[in-house]
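Residue-level listing of the chains:
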Amino acid sequence: MNNGSANGHAAFPFPGIPTTSDGAGAVTWVETNITHAACAYPITSSTTMGTGYQTEVSNGKKNLWGDTIRFIQPESEHSSASTCEGFALAGGRVTNFTSGQGLVLMKEVLYTISGKRLPVVFHIGARAMTSHSLNVHCGHDDVMAVADVGWGILFGRNAQEAGDLALICRRVAEETETPFMNVQDGFLTTHTIENVRLPEPELMAQFMGDPNDKLRCLFDPRQPLMSGVVQNQDAYMKGKIAQRDFYDRVPGTIQSVMDEFYRLTGRRYQMVDGYRMEDAEYALVGMGGMMETAQAAVDYMREEMGLKVGVVHVTSFAPFPATQIVEMLKHVKSFTVIERMDNPLAQSNPLVQAIKAAFADALTGNSYGSKGEFKYPKIDRIPRIIASCAGLGSRDVRPGHFIALTKNMLESAPREFTAVGVKHALAINESIDPDVRPDSAFSMRGHSVGGFGSVTTNKLIASFVGELFNLKVQAYPKYGSEKKGLPTTYYLTVAREHLRTHCELNHVEFIPLNDVNAFNLGNPLEGIAHDGSIFIQSAESDPQKVWDHIPEFGRRIIRNKRVRVYYLDTVKIAREVATDPDLQQRMQGVALVGIFIKVTPFAADSGMGQEQVLGAVEKYIRKYFGKRGEHVVQENLMCVRRGLLDVMEIPRAIIEASADSRTANEAVVLAK
């Protein structure tokens with residue numbers, strides 16, 4: 001997705017409502033405004049979309065045309081898909097939220113929905129399947145397992161695209177009577193807070209139209225229509241082949257709808273999106289959020305390594321944009337296709353296989369489409385096509401991995417199949433992993449414990465920093481299926497520019513250590529910047545005792561990089577403030593909001609005073625905790641205030657004195 005105006009969004013009638021949201025929130029905003037109902041049995045990581053929709057139902061929300069929306073939760077994912085089928089047959093605009101095994105469990109019904117030409121949209125938090133072990137994190141296995149059911153499939157890279165594609169999918173579905181899946185990476189997009197421009201209600205009303213006027217009720221007794229019948233040898237094939245007339249309209253409709261969306265919003269989408277491909281000699285091809293990380297890596301490779309590399313993101317997997325892909329990649333020497341899944345028994349993994357077929361057709365002079373209506377560009381060679389797996393089960397995909405994949409293409413005999421991010425005979429890994437964040441970036445990596453409230457606090461910080469100080473933010477947790485009570489890592493980056501790196505943060509300016517055991521689990525200070533800051537949860541009030549509890553390797557890093565060390569007993573604050581015992585544990589994390597305001601430069605740079613910032617933070621406290629009651633809001637605000645006013649810093653003299661003492665001791669030993 002590209003913004004289409006150098007002067008911001010002023011040239012377009014609906015530039016969007018600026019706010020912060022994760023991908024799930026952006027989808028929920030769209031669907032609670034344009035649909036009649038959701039019929040869903042949400043599964044991790046799609047659950048937050050379902051709970052978001054259900055919350056609006058509980059609040060009595062009406063869609064843009066005055067219909068009170070509904071949430072129907074049957075006893076399984078299969079039943080939820082069947083309920084969507086019935087709702088759509090009756091002329092309702094309906095949605096579903098699912099992932100992983102839940103999506104595959106629906107597969108039988110997905111065929112039925114497309115066969116009956118029902119224009120529903122399902123939102124997928126793409127998730128790895130249990131093809132090796134149970135994993136609730138990101139993979140594209142689930143989507144590829146149902147790629148043959150006759151649904152359109154669009155992939156978004158970030159929260160903005162997840163919300164926008166929700167509208168685009170719905171419009172195309174209704175114009176072509178073809179169901180669609182709107183796919184975002186599970187957790188990595190569904191749960192990542194970013195700056196977004198939510199579609200205005202006026203845009204959605206104009207772009208989508210009243211479903212009560214647009215959709216056909218197949219159960220209308222005044223216009224009876226037979227649906228879902230049994231057909232034998234004489235009829236079945238005729239109806240099945242006749243469906244191609246519907247599908248042949250889909251590619252052109254997608255692009256025309258995307259073009260209209262651009263004219264209204266300034267946000268441009270293509271079925272295939274190229275980045276720096278005009279003069280590229282090599283390319284990285286894939287789907288989903290990791291391809292934004294690839295863009296940042298490509299900028300580094302061009303500017304620092306002199307390599308002409310580009311990125312191709314396949315937004316539309318179905319219908320497959322075969323002719324556009326050949327046009328975009330025909331001039332490169334080689335390209336690598338990176339996929340978040342692996343099917344070793346297939347000729348190739350799904351995206352590689354489809355691209356190879358497209359190039360084979362182009363080389364042999366074939367056309368694409370039922371009637372050959374899409375013409376390939378003429379080619380006399382096929383670039384070398386290399387396959388790779390990355391990010392299975394949300395394994396971290398880093399800029400260095402894309403550098404390694406590019407270097408592999410430069411070899412005289414490149415490896416034809418690779419993996420990155422693991423130690424394996426098939427894997428290649430780059431020895432360098434550059435910091436490709438924007439120059440203005442400020443990053444935080446927190447080490448906490450599941451259940452301490454740190455993940456929610458991280459989202460809260462991202463919300464108020466992004467909106468209050470007019471900065472770009474990206475906040476996400478490293479979730480685990482066993483999260484509660486065990487170590488949890490969370491990340492936040494703030495910058496003036498759009499943030500493209502969807503990976504764990506190895507270069508950070510601030511590290512809060514809410515987990516008192518963090519130093520016993522590794523090196524939590526890895527990647528801390530020179531003149532950076534850390535916060536340590538400590539029950540001690542004497543700065544010397546806090547310093548003495550830091551292991552020697554940590555003290556050495558702090559001294560060498562001139563890191564500032566802050567400390568506070570947030571557990572004590574939570575116990576003193578929280579009147580509900582069950583909230584005491586979570587409120588210790590909320591105190592970090594005040595500490596963040598004190599330690600980081602954003603409040604000072606804005607010119608706002610502490611009280612002014614605290615007053616502004618109340619809005620976001622209410623956003624996250626308002627449903628628990630006014631006393632909980634006020635207690636959280638008090639925790640924030642205490643964090644800001646009470647946090648203490650270890651004096652530089654104590655930090656440097658330990659270095660002087662060690663030097664003196666070493667001198668004595670040498671003298672002896």
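Position labels on residues start from 1 in each chain and follow its written sequence. Only residues with pLDDT of 70 or above have their local features reported here, since the model is predicted, and side-chain atom pairs are shown and tallied only from 80 upward, although totals for entire chains, interfaces and linings are computed over all residues. In computing side-chain properties, one takes all heavy atoms of the structure into account and sets aside hydrogens as well as water.

(A) Looking closely at the confidence of the model for the chain. How sure the predictor is of each residue is captured by pLDDT, a score from 0 to 100. Per-residue pLDDT for the chain averages 94, and the proportion of residues at 70 or more is 96%. Here, two residues are considered to be in contact whenever any of their heavy atoms come within 4.5 Å of each other. Here residues 666–671 is a poorly scored stretch, pLDDT under 50, and it has zero contacts once near neighbours within four places are set aside; other chains count.

(B) Structural view of the pairing of strand β15 (residues 334–339). Accessibility here uses a 1.4 Å probe with only protein chains present; expressed as a share of the type maximum, an area under 20% marks a residue as buried, one over 50% as exposed, and anything in between as partly exposed. Helix and strand assignments follow DSSP, with helices taken as H or I runs no shorter than four residues and strands as E runs no shorter than two, numbered in order from the N terminus. For β15, the tally of buried residues reaches six of six residues, placing the bulk of the element in the interior. Every second residue of β15 is oriented toward a common face, with Ser334, Thr336 and Ile338 on one face and Phe335, Val337 and Glu339 on the other, all of them buried. Bridge analysis of strand β12 (residues 282–286) against β15 gives four bridges, and the strand direction is parallel. For Leu284, the partnering residue across the bridge sits in β15 and is Thr336. The pairing of β15 with strand β18 (residues 384–389) spans six bridges and is classified as parallel. Looking across to β18, one finds that Glu339 is bridged to Cys389. Two strands are said to pair when DSSP picks up at least two bridges between them.

(C) Structural detail: the nonpolar core. Within the largest apolar cluster, 55 residues are counted, with the highest numbers of intra-cluster contacts made by Leu110, Phe122, Met181, Leu329, Phe335 and Ile355. A total of six residues in this core trace back to one element, the largest contributor, which is helix α15 (residues 350–364). For Met181, the residues in contact, after removing those within four places along its chain, are Leu103, Leu110, Phe122, Ile124, Val146, Val149, Trp151, Gly152, Ile153, Leu154 and Cys169. Counting residues in each nonpolar core, the second largest holds 49 residues, with Phe464, Phe625, Val632 and Val633 among its members. We call a set of buried Ala, Val, Leu, Ile, Met, Phe, Trp, Tyr and Cys residues a nonpolar core when their side-chain atoms join them within 4.5 Å.

(D) The arrangement of the pattern of salt bridges in detail. What makes a salt bridge here is a side-chain nitrogen of Lys or Arg within 4 Å of a carboxyl oxygen of Asp or Glu, nothing more. Enumeration over the complete set of coordinates arrives at 39 salt bridges. Among the salt bridges present, the one from Arg340 reaches Asp185, with a minimum N-O distance of 3.8 Å. One end of the pair, Arg340, is in the loop between β15 and α15; the other, Asp185, is in strand β8 (residues 180–185), and 155 residues separate them in sequence. Like Arg340, the residue Asp185 is buried in the burial classification. Salt bridges here are not isolated pairs; linked through shared partners, they connect Arg276, Asp299, Glu303 and Arg500.

(E) Representation of the sheet that holds strand β14 (residues 316–318) in the model. Sheet architecture is open: seven strands sit in the order β4-β3-β5-β6-β8-β7-β14, paired in mixed fashion. Single-partner strands in this sheet number two, and they are β4 (70–72) and β14. Recorded for the sheet is a direction-independent mean angle of 20° between the axes of neighbouring strands. Pairing geometry for strand β7 (residues 152–155) and β8, over four bridges, is parallel. Every axis corresponds to a line fitted to the C-alpha atoms, with the helix fit spanning only the stretch in contact, and the corresponding angles, defined between N-to-C directions, vary from 0 to 180 degrees.

(F) Local environment of the packing of helix α13 (residues 290–305) against helix α16 (residues 399–410). For the pair α13 and α16, interaxial distance at closest approach is 8 Å and the crossing angle is 65°. In the packing of α13 onto α16, the handedness of the crossing is right-handed. Facing Met290, Thr293, Ala294, Ala297, Tyr300, Met301 and Met305 of α13, the residues of α16 in contact are Pro399, Phe402, Ile403, Thr406 and Lys407. Crossing handedness follows the turn of the near helix against the far one: under a right angle anticlockwise gives a left-handed crossing, and clockwise gives a right-handed one.

(G) Here's a closer look at helix α12 (residues 250–265). One less than the residue count of a helix, multiplied by 1.5 Å, gives the span that helix is expected to have. In a regular helix each residue adds 1.5 Å, so 16 residues correspond to 22 Å; α12 covers 22 Å between its end C-alpha atoms and thus fits that length. Among all positions of α12, only Val250, Pro251, Thr253, Ile254, Gln255, Val257, Met258, Phe261, Tyr262, Leu264 and Thr265 are buried.

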